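Residue-level structural notes
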Amino acid sequence: MSAAQFAENFLQALSAGLLTGAVYGLMCVGLSLIFGVMRVINFAQGDFMMLGMYVAYYAFGLFGAHLLFGAALAPYVAALIAGPVIFIAGLLVHKLLVSRVSGMRGSALESEGHYAQLILTLGIALVIQNGGLWVFGSAPVSITTPLSSSAWEIGPLHGDLISIFVNQGQTVAAVIAVLAVLGFVLLMGRSRLGKSLRAAADNPEAAIYMGIDVDRAHRLAFGFGVAITAIGGGLLASSYPFQPYVGLEYVIVMYAGVVLGGLGSVAGAFFGGLTIGLVQQLSTLVLPNQLQNTAIFVVFLVIVLLRPQGLFGRAARRT
Amino acid sequence: MKTSNRKLAGPGLAIILFGIVYAAVTGFISNSYYQLIMTVVPVWAVMGLSWNLLSGYSGLVSFGHAAFFGLGAYFVALAQIHWGLTPWIGIPLAGVLGGIAGLVVGLPTFRLRGHYFALAMLAYPLALLYVFEWLGYQELTLPMQREAPMLAMQFADHRVHAFLALALMLGAMALTSRLERARFGLSLVAIKQDEAAAEAAGINTLAWKLKAITLSGAMAGAIGGFYAVVLLVVTPPAVFGMLVSAQALIVAMFGGVGTVWGPVIGAVVLVPLSEILHARLGNVIPGIQGVVYGIAIVAVILLAPEGVFWKMKDLLFRRATKSVPTPPAAAAVPLPITARPDHAGKSVILELRNVSKAFGGLKAVQDVSFDVANGEILGIIGPNGAGKTTLFNLLNGFIVPDQGEVRFEGRDIVGDKPYRICTAGVGRTFQVVRPFRRMTVEQNVIAGAFVHAASDDAARATAREALVEVGLDRHAQRLAGGLTNKELRLLELARALAGRPKLLLLDETLAGLGGGDVEEVIAVVRKLAAKGITIVIIEHTMPAMVRLVDRFIVLDHGAVLATGLPAEVTRNEAVIDAYLGKRWRAESA
């Protein structure tokens, strides 16, 4: 392989990594919100993402959103529709199940309910993914848009040697993901809701004394958290085929990103997710395609073993 | 967990009876589908037992037992295909491989705790899943061996498989039940309840966890190999998939962890349920098995987090916690100040030289040097935040000083693990008591007695002596969680004492005690000192301290402010300003 060809492959992987990474970043922000506010590890996060993908898929097919927004943009509108739908699903799951072992009720349990939460959400994950198999079928589906099969060409650069193709569909998805993260950061920083969420995260007991309904804050955090990840899933749905078991792979992707960014930090989660996207795409330069996910798992293990507080996080206890 | 002397009678008999009933039922089944179910139930029971051996006793939740299971399954399949190795040898070797995998996984991963541990464990089987797909083993089929079916474990009568599975399960049960009532079980349960306290009580926590994951991996590897022989087809998702790890966890937690029966109950209930539903409804609802396991574990967490076994036991036996009435406290007669031997010039047991420790910008301990003489009672006093507890944590190895030397009996112990320092002869108690709350008083002390005990019986005898020494022998069978503050303080003393310490570090042992109780605990401390144990005690209760200790060291802002005899130190102006306060001056004037 010539140097120019390697440079081309590298830049190609780099751009693909940044675009996928931006969407991973959005997904990680959702997971991080739940952990940051509730201190709950939600194992079912990947399965809510999968639900988001199917909501986008059906919204795209059913409502014929393309009539309103044109065939090119319709998949992205469908992805945004996944947000409110999964938000409501998240509220229900929190109210009926998660709230019983978290928050004030969790602190009465052994090791503050962490194991109960982890195992409860594992059960929820099993029900969602296997129930999904029944409802959605096991055949992989995807959302097709003209954009996902067209690319911009950058170059030729460096004489005629290097040119990079940037997928248009992925670019639009990445832009929407970044805008969604910015919007969320503004919401958390500026609004009353954001303040109450941050207060509940910082010190739940003091927040209660300040008249903040911590239980409601937790419910909203769970709802927003799964909804944000579901939008990320919806954005991915237009460039990757998926099936009901897809969530599990992304649980590790998301946790790798969130741990890398420092558990509980929203900005850290976004950059963590971005990094994982880069790792995934750049790994294809040296590893066979099938081992992309193995590369992520190995990176995840290395991060938790060597730097559990994350690259951007403060030192925290590993418990 | 019982620690009665009837070692095998109870559980051993029950396990044998269960085996006979299971074998008899299997013998009458002629339908080959039900025979398969009878084979698969023990397979998942063994996976549950394997998970229980690590996670149930130690409390470290594994989401990755599929890694060991899958390695075992692929090993047996590949060894038969490529080398013609019979599973009769392959399965034991798969167990060895699983054990090695456990050790390899455990060594780095035990640096983690809580959900970090669980998630890291999840990554191993998933990474292996993709590796095996990449290696081209998407579907391995074991060849039919028509000439030597016995050698290949390919029996025409599938009941033989069920009997073999049953034998493996009974073996796993016998091993578990032996281990749980021995040092292994007690040490792991202590780790589950308070890892730091276990380490300080002389339990080598890392070594026990490694033993547990090695044995656990071996069980999972062997049963994975057997599973491959039964199903004849091995695919990465079927043996490395999430459902494998989840099933191990779920049968164990459904039945109840920390007992040999839990995983068996879980498997006996859940495996047939999910298999039969899958057979009836599988073509309509393809994921029904996963749904069954998911709902089962959600229900258990919400309704009976302790699992079916413990719930039933509670309902059937209503284990009335026999509360021994606490005898009235001995009348609070202040003990006279007995003349204590002069320790000046005696041999030195502990030396600190220029010990410093900073947490970020906070210098918790700065340049502290002092000696402790053999047999003396040294009091450490100072205002809150003076660095007293940090000093103890430096002495027993919880934290390593940034600089300086700590010599115990002349040997530098800086950097030694807490359990080693405990084994060398340094015992400690905690400012906020840290008993193993779900264990009985006796078990708490036995856990501390393993340090120097050659056998379980020796540990039990040492524990009994220690309990008599502190006067808790009548409460031996009570749960530590139900003790009063004074009893908890005495329990910690007994646990430390059971390790046969030469030096005891007592951290605010009198905190929160009433007048009579203070005298009682002080009397015990004196008795220990009279036996020749050197004592370093942190305490705020000055009147008690003045009568108890031979010498004081005063810490302020992490540095030594003064040292000397009680009479000198209590008149030292700097000490009065920094710690004792004006009222002291007024009262003692």
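All of these numbers come straight from a predicted model, not from anything done at the bench.

**Here we look at the confidence of the model for chain B**
Residue and element names in this part refer to chain B. For chain B, the average pLDDT comes to 87, and 93% of its residues sit at 70 or higher. Confidence, read as mean pLDDT per element, is least for helix α24 (residues 582–588) in chain B (71) and greatest for helix α3 (residues 66–83) (96). Contacts for the low-pLDDT stretch residues 1–8, under 50 throughout, to residues beyond four places or in other chains number 14 contacts. Low pLDDT, under 50, characterises residues 320–335; the predicted model gives this stretch 18 contacts beyond four residues in sequence or across chains.

**Overview of the environment of Pro435 of chain B**
Residue and element names in this part refer to chain B. With respect to the secondary-structure elements, Pro435 resides in the loop between β8 (426–428) and α17 (441–449). Along the backbone, Pro435 and Ala156 are 279 residues apart, and their C-alpha atoms lie at a distance of 56 Å. Non-local contacts of Pro435, meaning those with residues more than four positions away in its chain, are made with Asn444, Ala480, Leu488, Leu491, Glu492 and Arg495.

**Quick word on the sheet that holds strand β7 (residues 411–412) of chain B**
All names here are of chain B. Taken in spatial order, the four strands of this open sheet run β4-β3-β6-β7, and their pairing is antiparallel. Edge positions in the sheet fall to β4 (362–373) and β7, since each of these pairs with one other strand and no more. Bridge count between strand β3 (residues 348–359) and β4: eight bridges; the pairing is antiparallel. Residue pairing for β4: Val348 is matched across the bridge by Ala373.

**What to know about the nonpolar core**
If you look at the biggest cluster of nonpolar residues, it comprises 264 residues, and the most contacted ones within it are Phe43 and Leu235 of chain A together with Leu249, Leu493 and Ile535 of chain B. Looking at this core, you find at least three residues from each of domain 1 (9–242) and domain 2 (348–588) of chain B. For Phe43 of chain A, the contacting residues outside a window of four places in its chain are Leu118, Thr121, Leu122, Ala125, Leu248, Val251 and Tyr255 of chain A together with Phe63, Leu119, Leu122 and Met242 of chain B. If you look at the next biggest cluster of nonpolar residues, it comprises 26 residues, including Leu352, Val406, Val536 and Leu555 of chain B.

**Thoughts on the pattern of salt bridges**
All names here are of chain B. Counting across every chain of the model gives 20 salt bridges over all chains. For the salt bridge of Glu442 with Arg464, the shortest nitrogen-to-oxygen distance reads 3.9 Å. One end of the pair, Glu442, is in helix α17; the other, Arg464, is in helix α18 (residues 456–470), with 22 residues separating them in the sequence.

**Section: the environment of Ala206 of chain A**
Residue placement: Ala206 of chain A occurs in helix α8 (residues 204–209). It is 38 Å that separates the C-alpha atoms of Ala206 of chain A and Leu235 of chain A, two residues lying 29 residues apart in sequence.

**Details of the domain arrangement of chain B**
All names here are of chain B. What the domain assignment reports for chain B is domain 1 (9–242) and domain 2 (348–588). Each of domain 1 and domain 2 has a C-alpha centre, and these two points are 44 Å apart. Approximately 1700 Å² of surface area, both sides summed, lies buried where domain 1 meets domain 2, with 63% of it carried by carbon and sulfur atoms. For the pair domain 1 and domain 2, the interface holds one salt bridge. Of the charged contacts, one joins Asp194 and Arg434 as a salt bridge, the two residues approaching to 2.8 Å between their closest N and O atoms. Linking domain 1 with domain 2 are six residue pairs in polar contact (both at pLDDT 80 or more), by the criterion used here. Of all the elements, helix α7 (residues 183–193) adds the most residues to the side of domain 1 that touches domain 2, at six residues. Grouping the amino acids of the side of domain 1 that touches domain 2 by side-chain chemistry returns 11 nonpolar, four polar and four charged.

**Re the interface of chain B and chain A**
On the chain A side, the residues contacting the 46 residues of chain B number 42 residues. Contact with chain A buries surface across chain B, with His115, Tyr116 and Tyr130 of chain B losing the most and accounting together for 19% of the total. Put simply, chain B and chain A have zero salt bridges between them. The tally of links from chain B across to chain A stands at five residue pairs in polar contact (both at pLDDT 80 or more).

**Quick notes on the pairing of strand β6 (residues 403–408) of chain B**
Side-chain positions along a regular strand alternate between the two faces of the sheet. Residues and elements named next belong to chain B. Pairing analysis gives five bridges linking β3 to β6, with the strands arranged antiparallel. Among the inter-strand pairings, Arg353 is bridged to a residue of β6, identified as Glu405. As paired elements, β6 and β7 share two bridges and run antiparallel to each other. Opposite Phe408, over in β7, you have Arg411 as the bridge partner. In sequence, β6 turns back onto β7 through a hairpin of two residues, with Glu409 there showing a positive phi of about 50 degrees.

**Some points on unusual backbone geometry**
Across the chain, the bulk of peptide bonds are trans and the bulk of non-glycine residues have phi less than zero. For Arg39 of chain A, which is not glycine, the phi torsion reads 60 degrees and is therefore positive. Its place among the elements puts Arg39 of chain A in the loop between α1 (3–38) and α2 (45–62). Of note in the backbone geometry, Glu409 of chain B takes a positive phi value of approximately 50 degrees without being a glycine. Looking at where Glu409 of chain B falls in the secondary structure, it is placed in the loop between β6 and β7.

What counts, and where the lines are drawn
- Residues numbered from 1 in each chain as written.
- Chains lettered and ligands numbered in written order.
- Predicted model: local features only at pLDDT ≥ 70, side-chain atom pairs only at ≥ 80, totals over all residues.
- Heavy atoms only, no water.
- pLDDT = per-residue confidence, 0-100.
- Helix = DSSP H or I, 4+ residues; strand = E, 2+ residues; numbered from the N terminus.
- Contact = heavy atoms within 4.5 Å.
- Pairing = 2+ DSSP bridges.
- Core = buried A, V, L, I, M, F, W, Y, C linked by side-chain atoms within 4.5 Å.
- Buried < 20%, exposed > 50% of the residue type's maximum accessible area, 1.4 Å probe, protein only.
- Domains from an automatic or database assignment.
- Salt bridge = Lys/Arg side-chain N within 4 Å of Asp/Glu carboxyl O.
- Buried area = accessible area lost by both parts, 1.4 Å probe.
- Polar contact = N/O pair within 3.5 Å; in protein donor to acceptor, adjacent residues only side chain to side chain.
- Nonpolar A, V, L, I, M, F, W, Y, C, P; charged D, E, K, R; others polar.

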